Amino acid sequence: MKQFVLAVAGIYGMLSVVLGAFGAHAFKKILSADKLAGFETGVRYQMYHAIVLLVIGFALSFSTSTERWAAICLMVGVFLFSFSIYFLAFAEYWNVNLKFLGPVTPFGGLFLILGWLLLIVFFVKSKLF
């Protein structure tokens, strides 16, 4: 589990740098300002959580279900949250109807919140502070 979390953290981090660079340069020419702002939010949340996954990948042993589920929720949450935003930002440019992805974004946010909550539960139970 540790190696998987670290690999996902690396992939999410790398993709957020790549997508952020495209957003800052190439996508400015094809996306409206509000779509680009949404896209940048997805990139920002993806990078924040890539860093968190990297830290917990090194710091936690994943020997409890709380640790494992916290990581799973964060990984799934990033995927649902950020990637739904990316696709929604491009829907108009691609001229496709992706409105069904609208509810996916808050669902991803819910997974992120749950991941953080599980981390808090783990920290309190393990009396680390």
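Residues numbered from 1 in each chain as written. Predicted model: local features only at pLDDT ≥ 70, side-chain atom pairs only at ≥ 80, totals over all residues. Heavy atoms only, no water.

1. A closer look at unusual backbone geometry
Negative phi values dominate among residues other than glycine, just as trans dominates among peptide bonds. Note the threshold: Exposure categories follow from relative accessible area, calculated using a 1.4 Å probe and restricted to protein chains: below 20% of the type maximum is buried, above 50% is exposed, and the middle band is partly exposed. Only DSSP runs of H or I with at least four residues qualify as helices, and only runs of E with at least two residues qualify as strands; both kinds are numbered from the N terminus onward.
Even without a glycine there, the phi angle at Phe62 is positive, about 60 degrees. A residue is classified by how much of its surface remains accessible, and Phe62, at 5% relative accessible area, is buried. A positive phi angle, close to 60 degrees, is found at Asn95, a residue other than glycine. Note on placement: Asn95 falls in the loop between α3 (65–94) and α4 (104–126).

2. Notes on the packing of aromatic side chains
Our working definition: Put simply, two rings from Phe, Tyr or Trp (the six-membered ring, in Trp's case) pair if the centres are within 6.5 Å, and we call them stacked under 30 degrees between planes, edge-to-face over 60, tilted for the rest.
As enumerated under the stated definition, the model contains 14 aromatic pairs in all. Aromatic pair Phe27 and Phe90: ring centres 4.8 Å apart, planes at 80 degrees, arrangement edge-to-face. You can see Phe27 sitting in the loop between α1 (2–24) and α2 (33–59) and its partner Phe90 sitting in helix α3, a full 63 residues away along the chain. Classification of Phe27 by relative accessible area gives buried; the value is 15%.

3. Describing the packing of α1 against α2
Heads up, the condition is: Angles here are taken between N-to-C directions and fall from 0 to 180 degrees, while the axes themselves are lines fitted to C-alpha atoms, restricted in helices to the stretch in contact. Should an angle fall under 35 degrees it is called roughly parallel, over 145 degrees roughly antiparallel, and 65 to 115 degrees roughly perpendicular, with every other angle called oblique. Crossing handedness: left-handed means the near helix sits turned counterclockwise from the far one by under a right angle, and right-handed means the same turn made clockwise. Residue polarity is assigned by list, with Asp, Glu, Lys and Arg as charged and Ala, Val, Leu, Ile, Met, Phe, Trp, Tyr, Cys and Pro as nonpolar; anything else, Gly included, falls into the polar class.
Orientation of α1 relative to α2, taken along the N-to-C sense of each, is 155 degrees, at an axis distance of 8 Å. Viewed along their axes, α1 and α2 adopt a mutual orientation that is roughly antiparallel. As α1 packs across α2, the resulting crossing turns out to be left-handed. Grouping the amino acids of the contact of α1 with α2 by side-chain chemistry returns 18 nonpolar, six polar and one charged.

Taken by themselves, the reported measurements are silent on function.
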